[in-house]
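Descriptive analysis of the structure
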Amino acid sequence: MTKLNQINRSSCPVSCALDILGDKWTLLVVRDLIFFSKRYFRDFQNSPEKIATNILSNRLKKLEECHLILRYRDPANARKVIYMPTEKCLDLVPPIMELVRWSAKYIPESNAHWDLIQRFERDPVEFMAEIRRSLHRENEAIVLGTTTASGN
């Protein structure tokens, strides 16, 4: 189900968020968009979790319908699509960082990104500002047709 035709299970904020983000793959796609600057379909396929193409297509469509990502035609190759996180998507950075911190604390075998955690803990406002500035520069490059995305 997509956000547009979905009936929420309840009005609980946690339940409503899980209706959009609560499957096995969606937050991983969001992670890749924000923290690893993945922009092309193939970029997501090359993630270590090896998401199947049909599931990836479904999640990208769902994220777009929920206004968490935007699709652009690649100015350098009109056959390719660039996926960009929206401000709504970027608002997921703090809860994702809390999941990273939680995993680092309770799941020792997780690949904790200590540098990321330390930057976030030192100054969460500046951390978010850096991410937003980077995204805005990248969006401007796409709009102007001078994309710097990897293009895989």
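Residues numbered from 1 in each chain as written. Predicted model: local features only at pLDDT ≥ 70, side-chain atom pairs only at ≥ 80, totals over all residues. Heavy atoms only, no water.

Observations concerning the pattern of salt bridges
Close approach of charged atoms lets side chains of opposite charge pair. One pass over the full model with this rule turns up 13 salt bridges. Note that R9 is salt-bridged to D19, the shortest N-O span being 2.8 Å. Of this pair, R9 sits in the segment before α1 (13–21) while D19 sits in helix α1, placing them 10 residues apart in sequence. One salt bridge connects K62 with D23, and the closest N-O pair in it is separated by 3.3 Å. Here D23 lies in the loop between α1 and α2 (26–35) and K62 lies in helix α4 (residues 53–65), a separation of 39 residues in the sequence. Residue classification places D23 among the partly exposed positions, given a relative accessible area of 24%. (Salt bridge = Lys/Arg side-chain N within 4 Å of Asp/Glu carboxyl O. Helix = DSSP H or I, 4+ residues; strand = E, 2+ residues; numbered from the N terminus. Buried < 20%, exposed > 50% of the residue type's maximum accessible area, 1.4 Å probe, protein only.)

A short note on the packing of aromatic side chains
A complete count under the given rule lists three aromatic pairs for this structure. Taking 5.6 Å as the distance between ring centres and 45° as the angle between the ring planes, the aromatic pair formed by W102 and Y106 counts as tilted. Here Y106 and W102 lie together in helix α6 (residues 93–106), a separation of four residues that amounts to about one turn. Between F120 and F127, the ring centres sit 5.5 Å apart and the planes meet at 75°, which makes this aromatic pair edge-to-face. (Phe/Tyr/Trp six-rings, centres within 6.5 Å; stacked < 30°, edge-to-face > 60°.)

What about the pairing of strand β2 (residues 77–85)?
Pairing analysis gives six bridges linking strand β1 (residues 69–74) to β2, with the strands arranged antiparallel. Following the sheet pairing, R71 is matched in β2 by Y83. Here β1 hands over to β2 after two residues, the two strands then running antiparallel side by side. (Pairing = 2+ DSSP bridges.)

A closer look at the packing of α6 against helix α7 (residues 114–122)
Direction vectors running N to C along α6 and α7 enclose 125°, while the axes themselves pass 10 Å from each other. Accordingly, the angle class assigned to the pair α6 and α7 is oblique. For the element pair α6 and α7, the recorded crossing hand is left-handed. In contact with P94, M97, E98, V100, R101 and A104 of α6, α7 contributes W114, L116, I117, F120 and E121. Across the contact of α6 with α7, the residue classes break down as eight nonpolar, no polar and three charged. (Axes fitted to C-alpha atoms, helices over the stretch in contact; angles between N-to-C directions. Parallel < 35°, antiparallel > 145°, perpendicular 65-115°, else oblique. Left-handed = near helix turned anticlockwise from the far one by under 90°. Contact = heavy atoms within 4.5 Å. Nonpolar A, V, L, I, M, F, W, Y, C, P; charged D, E, K, R; others polar.)

Observations concerning the side chain of D74
Note that D74 resides in strand β1. Buried charge without a partner: D74 forms no salt bridge, and the closest opposite charge is K80, 5.6 Å away. Within the local environment of D74, its side chain forms a polar contact with the side chain of Y40, the two groups lying 2.5 Å apart. (Lys, Arg positive; Asp, Glu negative; His and termini not counted. Polar contact = N/O pair within 3.5 Å; in protein donor to acceptor, adjacent residues only side chain to side chain.)

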